[in-house]
Amino acid sequence: MASDPANTAPAGIPRHLAVIMDGNGRWAERRRRPRMIGHRAGARAVNVCIDFCLERGIRALTLFAFSSENWARPEEEVGALMKLFLNALEREVEELHRRGVRIRFIGERARFSDAIRQRMDHAESVTAGNRRLHLNIAASYGGRWDIAQAARSLAEDVAAGRLAPADIDERLLGSRVALADLPPPDLFIRTGGDLRISNFLLWQLAYTELWFTELLWPELDATTLQVALDDYAGRQRRFGLTGAQVAGREPVAQDNENSA
Ligand code: IPE
Ligand code: IPE
Ligand code: MG
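What you are looking at is a predicted structure, and each value in this text was computed from that prediction instead of being measured.

Asks: An account of the pattern of salt bridges is needed here, citing residue identities and associated values.
Replies: Evaluation of the coordinates by the stated rule reveals 23 salt bridges. Between Asp 22 and Arg 190 there is a salt bridge, with its nearest N and O atoms 2.9 Å apart. You can see Asp 22 sitting in the loop between β1 (16-20) and α1 (24-30) and its partner Arg 190 sitting in strand β5 (residues 187-190), a full 168 residues away along the chain. Each member of the pair, Asp 22 as well as Arg 190, is classed as buried. A salt bridge links Arg 56 to Glu 55, with the shortest nitrogen-to-oxygen separation between them at 3.6 Å. Under the relative-accessibility criterion, Glu 55 is labelled exposed at 58%. When salt bridges with common partners are traced through the structure, they connect Arg 15, Asp 186, Glu 209, Asp 231, Arg 235 and Arg 237 into a single cluster.

Shown next as structure tokens:
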């Protein structure tokens, strides 16, 4: 999709930003408030992040909103999060559409209620033609689930005689994972101070630059996001090559396997 603007961004700016929005519960607990208050404050920070991406010319933003494992939280918290999710879908979609945002959801959609699934479908179809920012919400999402569903889809093709096992390679598996039509994330940000991936985009993050902050998600501001972007702009991404090769002082050898 060379013509898709997601493949371009101003120099030094990530084309695709992936974010683990963590720390809502602790933000509320520090204020001696119920965790749900933190989730509500977190929903406001989502808008800060979207505004920032629109202003800076970032073309794709993938937000981790709810993981496969988060279903195992106390029933009360899961129920309240679902309500918040539904409300946000009802409240925000029109404005996002107006601003040229394409909304997509990745994850195991079957686990959500009919009402939420309908709202997700609606948000996706209304905004399908927008290209200014690809906003992907990972909900009921797990990186392992994603790879497993890609493997299942290939197995179905093999069983139907459409594909030979020998044809399965990285490129083909990569074409069946979520967001295969977008460039992989250039920059990953996790708030909340924990240094882990927590089953987010396992396949897609293979060469993503990682950036962590102690700041809790509801405290997010444009200044912090700019610090992450400045840090990213100063990094040399080598993708397995030497620094001299990346700088153009040494030629890049043809890798037999990948160039075949
Ligand atoms: C992230 O905040 C939001 C979700 C996982 C839904 P948390 O709820 O994980 O907040 P902490 O990590 O407990 O502070
Ligand atoms: C990751 O946060 C998932 C989301 C932000 C939606 P968690 O709070 O679930 O991650 P862990 O449990 O601390 O690894
Ligand atoms: Mg957390």
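So much for the structure itself; the text now carries on.
Asks: I'd love a proper account of the environment of Ser 198, names of residues and values included.
Replies: If you trace the backbone, Ser 198 turns up in the loop between β5 and β6 (209-212). By relative accessible area, Ser 198 is classed as partly exposed at 30%. As for Ser 198 and Gly 161, which are separated by 37 residues in sequence, their C-alpha atoms are 36 Å apart. Within polar-contact distance, the side chain of Ser 198 engages the side chain of Arg 190 at 2.8 Å.

Asks: Tell me about a nonpolar patch on the surface, residues and numbers included.
Replies: Together, Leu 241, Val 246 and Val 252 line one region of the surface with nonpolar side chains, adding up to about 210 Å² of accessible area. Mapping Val 252 onto the fold places it in the loop between α8 (243-246) and α9 (256-259).

Asks: Before we move on, can you summarise the pairing of strand β2 (residues 60-67) with the specific residues and values?
Replies: Burial analysis of β2 places seven of its eight residues in the buried class, the great majority of the element. Where β1 meets β2, five bridges bridge the pair, whose relative direction is parallel. What sits directly across from His 16, in β2, is Ala 60. Examined bridge by bridge, β2 and strand β4 (residues 133-141) share seven bridges and lie parallel to one another.

Asks: Tell me about the packing of aromatic side chains, and please be specific about residues and values.
Replies: Two numbers describe a pair of aromatic rings. These are the distance of the centres and the angle of the planes. The full count for this structure, using the stated rule, is eleven aromatic pairs. Between Phe 64 and Tyr 141 the ring centres are 6.1 Å apart and the planes differ by 80°, which places this aromatic pair in the edge-to-face class. With Phe 64 in strand β2 and Tyr 141 in strand β4, the pair connects residues that are 77 residues apart, well separated along the chain. Residue Phe 64 is classed as buried on the basis of its relative accessible area, which comes to 7%. Judged by relative accessible area, which is 0%, Tyr 141 ranks as buried. Taken together through their ring pairs, the aromatic side chains of Phe 64, Tyr 141, Trp 145, Phe 188, Phe 200 and Phe 212 make up a single cluster.

Asks: Lay out the nonpolar core in plain terms, naming residues and giving numbers.
Replies: In this structure, Val 19, Leu 61, Leu 63 and Leu 135 are the most contacted members of the largest nonpolar core, which totals 43 residues. Membership of the second largest hydrophobic core comes to 15 residues, among which are Ala 6, Ala 18, Ile 106 and Phe 188.

About the cut-offs
Residues numbered from 1 in each chain as written. Chains lettered and ligands numbered in written order. Predicted model: local features only at pLDDT ≥ 70, side-chain atom pairs only at ≥ 80, totals over all residues. Heavy atoms only, no water. Salt bridge = Lys/Arg side-chain N within 4 Å of Asp/Glu carboxyl O. Helix = DSSP H or I, 4+ residues; strand = E, 2+ residues; numbered from the N terminus. Buried < 20%, exposed > 50% of the residue type's maximum accessible area, 1.4 Å probe, protein only. Polar contact = N/O pair within 3.5 Å; in protein donor to acceptor, adjacent residues only side chain to side chain. Patch = residues over 30% accessible without salt bridge, like charges linked within 9 Å, V, L, I, M, F, W, Y side chains within 5 Å. Areas by Shrake-Rupley, 256 points an atom, 1.4 Å probe, with all protein chains shown as cover. Pairing = 2+ DSSP bridges. Phe/Tyr/Trp six-rings, centres within 6.5 Å; stacked < 30°, edge-to-face > 60°. Core = buried A, V, L, I, M, F, W, Y, C linked by side-chain atoms within 4.5 Å.

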